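Below, each chain spelled out in residue letters.
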Amino acid sequence: MPIIASHLVTIKPSAVSVMSAKALELERQGKDIIRLSAGEPDFPTPDHIKMACIKALCENRTNYPPVIGLPELREAICLKLRRDNTLDYSPGQTIVSSGCKQIIYNAMAATLDPGDEVIMVAPYWMSYVGIVQLNRGNPVFVPTSLEKGYKPTAEDLEQAISPRTKWIFLNSPGNPSGAVYDEKDLKALAAVLRRHPNIWILSDDIYEFLVYDGAKFVSILNVAPDLKDRCLVVNGLSKAYCMPGWRLGYAAGPEDLIKAMFKIQSQSTSGATHFCQWAGVVALKGDHAFIPVHNESFRQRRDLVISLTEQIPGLSCIPPQGAFYCFIRCSEYIGRKTPGGAEISTDENLVSYLLEEAGVAAIPGTPFGMSPFFRVSFATAMPKLKIAFERIQTALNALR
Ligand SMILES: Cc1ncc(COP(=O)(O)O)c(C=O)c1O
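Keep in mind that what you see is a predicted model, and the values were worked out from it rather than measured.

Engineer: Which residues make up the sheet that holds strand β12 (residues 373–377), and what values do they have?
Structural biologist: An order of β9-β12-β11 is seen for the 3 strands of this open sheet, with the pairing classed as antiparallel. If you trace the sheet from one side to the other, it starts and ends with β9 (325–329) and β11 (363–364), each paired once. With 2 bridges joining them, β11 and β12 adopt antiparallel strand pairing. Directly across from Pro364, in β12, lies its bridge partner Phe374.

Take a look at the structure:
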């Protein structure tokens, strides 16, 4: 009898982890790799947050935390949701997990029966697919396009709905597209969801604070508060608070769902790291002045990447209004041959070629559900971005 579960055969590891491992291996061999692959800010965690963790350690907050999250952090989450999103939740309607990823995993483990469908807008964060499949659900995709700003229309959503639809995932600002849904977009989607009262909404707001050009984050619950009793608001500290390694995420939603997610957590991780949660309290309640400073830097880097992309014939990208990724269309390079004679048939081939020949790590569009594209993160210093794009241009010029 094989040791590996049969359903795992079709599930792929996250493309970001695969690319990180490849880049690391090449670095070990002495190659100079510029990583535009990671989905994390390049700024360190702000000092006041780090100090809160050190204090918690010195106070010996090293025992098991309450599985569902520290009461102080759950209160801070409620305060944050009221202050930043005008959403009212009580601590009993919240849960803390080891990252937003685990929140989503717990939610799917707690709710999916085999064959249940989960709608996601393509291009989507690739782990949505893996998480749904690991929990025996079926991902269903709503296609969008670069031309339409990667936003789905009400009709697109309606077409994806079936009697088996259990959830729709909304992610604005979006990874990898950077699309930010405005009130009008969300009202249109809410109108469809009102006609389907059995569908639950997972609102992944992790890039909430990372918006540019005056774009504003809006929650679907701001335009459709009537959907609150079937919505799970998901957020985390990895991105805007520069805390990806701390593994802190949280959710707010109906108490029954939160209790079911607690059940999964109590039989798996036992909750997020205790002393990190104290730092989370300070992050959510403390000084946020660093966020606009970081955002200005991200905006400048985004503008740089857009202008560098425009200088390379055959690449196209629209300026993302949020998050820190540029999603670049590369169709003109598909079907060409490398100087060594290998055919570039997919964006995955192109990204491997860029890694090996140009020493630039990006992520192909295929695992995000849209190809031929590749994603670069602009959470990287400007001089590095410039060198990376010079290298990309040289490598693409060499294709025949
Ligand atoms: C859209 C989206 N949701 C969730 C996550 C997971 O974040 P966390 O670090 O909190 O697990 C990511 C991370 O890249 C993401 O891009």
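Engineer: If you had to explain the nonpolar core to someone new, which residues and values would you point to?
Structural biologist: In this structure, Met108, Phe169, Leu232 and Phe374 are the most contacted members of the largest nonpolar core, which totals 82 residues. Excluding residues within four positions of it along the chain, Leu232 makes contact with Ala107, Trp167, Ile201, Leu202, Ser203, Ala251, Ala252, Gly253, Leu257, Ile258 and Met261. If you look at the next biggest cluster of nonpolar residues, it comprises 57 residues, including Ala56, Tyr89, Ile168 and Ala272.

Engineer: Talk me through the site of the ligand; I want residue IDs and the actual numbers.
Structural biologist: Around the ligand lies a shell of 13 residues, among which Cys100, Asp204, Tyr207, Ser238 and Lys239 are the nearest. At 2.9 Å, a backbone N or O of Lys101 approaches an oxygen atom of the ligand. A distance of 2.7 Å separates an oxygen atom of the ligand from a polar atom in the side chain of Asn175. Protein coverage of the free-state accessible area of the ligand, which is 400 Å², stands at 92%. Class assignment of the residues belonging to the shell around the ligand gives a composition of 5 nonpolar, 4 polar and 4 charged.

Engineer: Mind laying out the pattern of salt bridges, listing which residues take part and the relevant values?
Structural biologist: Scanning the model with the defined rule gives 22 salt bridges in all. Several salt bridges share partner residues, and in doing so they unite Asp213, Glu296, Arg299, Arg302 and Asp303 into one network.

Engineer: Tell me about the packing of helix α12 (residues 347–358) against helix α13 (residues 382–397), and please be specific about residues and values.
Structural biologist: Where α12 meets α13, the axes come as close as 10 Å, and the angle between the chain directions of the two elements is 110 degrees. Viewed along their axes, α12 and α13 adopt a mutual orientation that is roughly perpendicular. In the crossing of α12 with α13, the sense of the turn from one axis to the other is right-handed. Counted together, Leu350, Tyr353, Leu354 and Ala358 of α12 and Arg391, Ile392, Ala395 and Leu396 of α13 form the full contact between these two elements. Looking at the contact of α12 with α13 residue by residue, the classes come out as 7 nonpolar, no polar and 1 charged.

Engineer: Lay out the sheet that holds strand β8 (residues 249–252) with the relevant residues and their values.
Structural biologist: What the 7 strands build is an open sheet, ordered β2-β8-β7-β6-β5-β3-β4; its pairing is mixed. With one partner strand each, in any of the chains shown, β2 (94–97) and β4 (138–143) form the two edges of the open sheet. With strand direction ignored, the average angle separating the axes of adjacent strands in the sheet is 20 degrees. Here strand β5 (residues 165–171) pairs with strand β6 (residues 200–204) via 5 bridges, running parallel. Within β6, the position partnered with Phe169 by the bridge is Leu202.

Engineer: Residues and numbers for the state of the cysteines, please.
Structural biologist: According to the stated counting rule, one finds 0 disulfides in the structure shown. Counting only cysteine sulfurs, Cys231 is the nearest neighbor of Cys78, a cysteine outside any disulfide, at a range of 15 Å. With relative accessibility at 2%, the residue Cys78 sits in the buried group. This cysteine, Cys276, is not joined by any disulfide, and Cys53 carries the nearest cysteine sulfur, 5.1 Å off.

Engineer: Hey, could you go over the packing of aromatic side chains for me, with residue numbers and the actual values?
Structural biologist: With the rule as written, the count across this model stands at 16 aromatic pairs. On the numbers, 4.8 Å between centres and 65 degrees between planes, the contact of Tyr128 with Phe169 is edge-to-face. Residue Tyr128 is located in helix α5 (residues 127–134), and its partner Phe169 is located in strand β5; the two are separated by 41 residues in the primary sequence. Judged by relative accessible area, Tyr128 falls into the buried class, the value being 2%. Since its relative accessible area comes to 2%, Phe169 is described here as buried. Pairwise contacts between aromatic rings join Phe43, Tyr207, Phe298, Phe324 and Tyr325 into one cluster. When the ring centre of Trp278 is taken as origin, the NZ or CZ atom of Arg61, which lies over that ring, is 4.4 Å away.

Each value, and the rule that gives it
Numbers given to residues run from 1 along each chain, matching the order in which its sequence is written. Whole-chain, interface and lining totals are the exception, using all residues; otherwise, since this is a predicted model, local features are given only for residues with pLDDT of at least 70 and side-chain atom pairs are given and counted only at 80 or more. The basis for the side-chain values is all heavy atoms of the structure; hydrogens and waters are excluded. We treat two strands as partners when DSSP finds at least two bridges between them. Runs of H or I in DSSP of at least four residues are treated as helices and runs of E of at least two as strands, each being numbered from the N terminus. Here, nonpolar core refers to any group of buried Ala, Val, Leu, Ile, Met, Phe, Trp, Tyr and Cys residues whose side-chain atoms link them within 4.5 Å. Summary of the burial criterion: residues with accessible area below 20% of their type's maximum are buried, those above 50% are exposed, and those between are partly exposed, where the area comes from a 1.4 Å probe applied to protein chains only. Contact between two residues is taken to exist if any of their heavy atoms lie within 4.5 Å; hydrogens are not considered. We call a residue near a molecule or strand when any one of its heavy atoms sits within 4 Å of it. Counting of polar contacts relies on pairs of N or O atoms within 3.5 Å, with two restrictions inside protein: one atom must be capable of donating a hydrogen and the other of accepting it, and residues adjacent in sequence are counted only when both atoms are side-chain atoms. Note on areas: these come from Shrake-Rupley sampling with a 1.4 Å probe, and a residue is covered only by the protein chains present in the view. Polar here means any residue outside two lists: the nonpolar Ala, Val, Leu, Ile, Met, Phe, Trp, Tyr, Cys and Pro, and the charged Asp, Glu, Lys and Arg; Gly therefore counts as polar. The working definition used for a salt bridge is a side-chain nitrogen of Lys or Arg within 4 Å of a carboxyl oxygen of Asp or Glu. Only the contacting stretch of a helix is used when fitting its axis, a line to C-alpha atoms as for every element, and angles between N-to-C directions run 0 to 180 degrees. For classification, angles of less than 35 degrees are called roughly parallel, those exceeding 145 degrees roughly antiparallel, those between 65 and 115 degrees roughly perpendicular, and all remaining angles oblique. Handedness of a crossing follows from how the near helix is turned relative to the far one, being left-handed for an anticlockwise turn of less than a right angle and right-handed for a clockwise one. Pairs of cysteine sulfur atoms within 2.5 Å are identified as disulfides in what follows. Side-chain rings of Phe, Tyr and Trp, where Trp is taken by its six-membered ring, are said to pair if the distance between their centres is within 6.5 Å; with planes under 30 degrees apart they count as stacked, over 60 as edge-to-face, and otherwise as tilted. In our convention, an over-ring charge means Lys NZ or Arg CZ found within 6 Å of a ring centre and within 35 degrees of that ring's normal.

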